[in-house]
Amino acid sequence: MMPSVSKISSIALSLVSLLAFHGCGEGTSSSSHQAGAVIVHEKDGSEMVVVPASQFLMGNETTHPDLDKMIEGKPLRPYHVLLARAQSAWRLDDEKPIHQVELKAYAIDKYEVTNAQYRKFLDWVTEYGDDTVRHPEQPAGKDHTPRYWKDYNPLLGDAATAALVPFSNQTFLADDMPVVGVDWYDAYAYAKWAGKRLPTEAEWEFAARGTDQRLWPWGNEWKWGLCNIGGDMKGTDYRVQGVDRDGYIYPAPVGSFSGSDSPFGCSDMAGNVAEWCADWYGADYYPQSAARSPSGPQSGKSRVVRGGSSQSIPSETRCADRSCSEPDFRKFTLGFRCVKDL
């Protein structure tokens with residue numbers, strides 16, 4: 001029996017993507033630009049991984065099956081069912097339809113931008129101002145200092161009250177922590193200062209899942225402990241292992257979770273901190289998405305956010321999961337990483 005036309009097309013797409021994935025496709029001009037190769041970006045000292053020119057299937061139409069199985073030999077509790085089947089059983093309208101996307105070669109930060117890197121940017125802004133790096137729509141009088149680097153919570157000034165709070169002004173300041181409390185304009189300005197840019201939504205998803213439409217960066221099976229998300233909080237100090245199922249209540253130092261990198265070698269693309277993307281968010285954008293290098297709607301009210309955070313549930317950390325926030329929104333769950341063209 002001859003295979004169907006749709007099956008032939010699917011096989012052809014897989015072959016083309018596989019060739020590009022292994023560095024045999026367009027845009028892989030040298031061995032240093034092979035898929036997954038690590039390059040160092042001098043301006044901010046970041047490690048970046050190479051993502052070759054390729055095609056992939058973007059989006060999701062997978063429905064999670066009824067959960068009639070066991071976990072660790074024990075019947076499922078309602079809490080487990082809620083975590084696994086949250087958000088309409090993973091079938092969200094804004095993730096449909098699955099569509100083919102073609103991308104040019106680029107490099108993406110292996111890790112989320114850290115506090116140490118962001119301090120270099122702030123030092124430069126203090127000396128030179130942000131006239132050459134700010135977005136044209138950036139609000140007047142904008143201060144690029146992250147929200148949590150300041151005394152953002154008056155209650156923390158009272159010793160008795162502060163003792164009851166599971167975090168302090170120091171929680172989000174360590175050099176190896178992902179910078180958080182930055183809005184989209186901060187992320188845009190940093191990326192431009194560094195000689196890079198924010199990833200498009202398509203670039204982010206491809207870097208997270210590769211060519212095989214996997215649900216999470218590491219594969220299709222959810223496993224606790226492979227990323228930093230919300231769980232059972234049993235302590236008050238985020239630095240003490242064991243206070244949460246993955247060891248952290250708040251963001252963890254970048255690269256803390258082994259065995260969970262994406263096919264290209266990117267860390268923390270599920271959980272830890274959600275990440276700003278370049279695109280405006282459009283719930284109905286996928287049906288009209290450009291086939292080559294899509295960059296989202298021309299305008300909107302919110303910017304795309306990807307990856308989930310330390311407060312997310314498993315379904316919110318899937319590679320195809322879409323979220324958004326107003327461009328001036330700042331929270332301890334939100335950071336970013338950058339890309340550059342090759």
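All values reported here derive from a predicted model rather than from experimental measurement. (Residues numbered from 1 in each chain as written. Predicted model: local features only at pLDDT ≥ 70, side-chain atom pairs only at ≥ 80, totals over all residues. Heavy atoms only, no water.)

1. A few points about the overall build of the chain
Item 1. Across its full length, the chain holds six helices and 12 strands.
Item 2. Within the span of the chain, comprising 342 residues, buried residues form 51% of the whole.
Item 3. A separation of at least 24 residues holds for 76% of the contacts in the chain among residues at least 6 apart in sequence.
Item 4. A total of about 16,100 Å² of accessible surface is found on the chain, and carbon and sulfur atoms cover 52% of it. (Helix = DSSP H or I, 4+ residues; strand = E, 2+ residues; numbered from the N terminus. Buried < 20%, exposed > 50% of the residue type's maximum accessible area, 1.4 Å probe, protein only. Contact = heavy atoms within 4.5 Å. Areas by Shrake-Rupley, 256 points an atom, 1.4 Å probe, with all protein chains shown as cover.)

2. So, the pattern of salt bridges
Item 1. If you walk through the whole model with that rule in mind, you get 21 salt bridges.
Item 2. Residue Glu 95 is joined to Arg 318 by a salt bridge in which the shortest nitrogen-to-oxygen separation is 2.8 Å. Of the two residues, Glu 95 is situated in the loop between α2 (78-89) and β6 (99-103) and Arg 318 in the loop between β9 (303-306) and β10 (323-325); the sequence distance between them amounts to 223 residues. Summarising the burial analysis for this pair, Glu 95 and Arg 318 share the class buried.
Item 3. Residue Arg 197 pairs with Asp 341 through a salt bridge whose shortest N-O separation is 2.6 Å. (Salt bridge = Lys/Arg side-chain N within 4 Å of Asp/Glu carboxyl O.)

3. Overview of the pairing of β6
Item 1. Judged by which residues are buried, β6 turns out to be one-sided: His 99, Val 101 and Leu 103 face inward and are buried, whereas Gln 100 and Glu 102, on the alternate face, are not.
Item 2. Relative to β6, strand β3 (residues 54-58) runs antiparallel, the two being bridged by five bridges. The residue of β6 that forms the bridge with Gln 55 is Glu 102. (Pairing = 2+ DSSP bridges.)

4. Regarding unusual backbone geometry
Item 1. With an omega of -5°, the peptide bond between Lys 96 and Pro 97 qualifies as cis.
Item 2. Along the chain, the position of Pro 97 falls in the loop between α2 and β6.
Item 3. Backbone geometry at Asp 268 places phi at a positive 60°, although glycine is not the residue there.
Item 4. Positive phi is not limited to glycine here, since Asn 272 has a value of about 70°.
Item 5. Locating Asn 272 in the fold gives a position in the loop between α6 (201-209) and β8 (274-280).
Item 6. Residue classification places Asn 272 among the buried positions, given a relative accessible area of 1%.

5. Quick word on α6
Item 1. Burial analysis of α6 places nine of its nine residues in the buried class, the great majority of the element.
Item 2. Positive phi appears at Gly 210, one or two residues downstream of α6, with a value of about 70°.

Function cannot be inferred from these measures alone, as they are strictly geometric.
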